[in-house]
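Report on the structure
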Amino acid sequence: MLNDILTRRSTRKFKNKVIPAHMLEVIIEAGRYAPSGCNVQQAHFLVVQSKSVLAKLGELVQQEFAKMEPTDDMPQTVKNNIAGAKAGNKSFHYNPQILIIVANSVDNPNAMADTACAIDNMMVMANHINLGTCWINQLRWLQDNEVLIEYLQSIGMKEGEKVYGAMSLGFPDTANGMPERTPLARTGNEVTFVE
Ligand SMILES: Cc1cc2nc3c(=O)[nH]c(=O)nc-3n(C[C@H](O)[C@H](O)[C@H](O)COP(=O)(O)O)c2cc1C
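The rules behind these values
Residues numbered from 1 in each chain as written. Predicted model: local features only at pLDDT ≥ 70, side-chain atom pairs only at ≥ 80, totals over all residues. Heavy atoms only, no water. Near = heavy atom within 4 Å. Polar contact = N/O pair within 3.5 Å; in protein donor to acceptor, adjacent residues only side chain to side chain. Helix = DSSP H or I, 4+ residues; strand = E, 2+ residues; numbered from the N terminus. Nonpolar A, V, L, I, M, F, W, Y, C, P; charged D, E, K, R; others polar. Salt bridge = Lys/Arg side-chain N within 4 Å of Asp/Glu carboxyl O. Buried < 20%, exposed > 50% of the residue type's maximum accessible area, 1.4 Å probe, protein only.

**What to know about the site of the ligand**
- Near the ligand, the surroundings consist of R8, R9, S10, R12, Y94, C134, W135, I136, N137, Q138 and L184.
- The contact in question runs from an oxygen atom of the ligand to an N or O atom on the side chain of R8, over 2.9 Å.
- One nitrogen or oxygen atom from the side chain of S10 is found 2.6 Å from an oxygen atom belonging to the ligand.
- At three residues, strand β3 (residues 132-136) tops the list of elements feeding residues into the shell around the ligand.
- For the shell around the ligand, a count of residues per class yields five nonpolar, three polar and three charged.

**As for the pattern of salt bridges**
- All chains considered together, the criterion is met by five salt bridges.
- Residue R9 pairs with E180 through a salt bridge whose shortest N-O separation is 3.6 Å. In this pair, R9 is assigned in the loop between α1 (2-6) and α2 (21-32) and E180 in the segment after β4 (161-170), connecting sequence segments 171 residues apart.
- Owing to a relative accessible area of 21%, R9 belongs among the partly exposed residues under this scheme.
- On the basis of relative accessibility, which here comes to 39%, the residue E180 falls in the partly exposed class.
- The salt bridge involving K13 is made with D173; its shortest N-O contact spans 3.8 Å. Here K13, found in the loop between α1 and α2, pairs with D173, found in the segment after β4; they are 160 residues apart in sequence, far enough to count as distant.
- For K13, a relative accessible area of 54% translates into the label exposed.
- Exposure remark for D173: the relative accessible area of 34% places this residue in the partly exposed category.

Below, the structure is given as structure tokens:
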């Protein structure tokens, strides 16, 4: 179990290879069995397998970021996304086999934390069965964007929900087909034992 956590790394290049149903099922199950504040279980997993929906999401994210102008109060990562979109980047999700979008109720004060628990469970589970994942944040940065909300509702997101995170999933496009697994050194994440 610890090894699955220690060796989980982000995958940003995927093979065009179908994920067998039994593999997808255990990953979704890992997400659904994540804890949630007050056990509200309000995460909504939109499992996008359609290439045309993935392409449309790529177009819309690029289009909507490209309309924005960077401001001083924006996180650097959002400024980077705006710059990337203006340069024409349409593959914010790295063209995975599947994109799992995690929406949650806007009334849930723990929506972000619950989403993070679900996505991390899915990332560790996927690593355990040799699939690659990457957290994808652009749909969360655009969670209040009307164009994206309308499109996401057309593919199943409900009224009163917003996107809090997403995860690309697929077979890693590496020489041996395995995910990159070299752990990154921990230079942060300080620990203080209090006695
Ligand atoms: C909240 C969060 C948001 C992230 N957003 C993105 C993203 O939008 N695109 C991306 O390529 N990676 C994203 N990542 C992946 C991080 O860049 C990555 O986890 C980090 O660089 C450490 O590398 P590792 O996952 O290989 O250990 C995100 C990770 C987290 C936890």
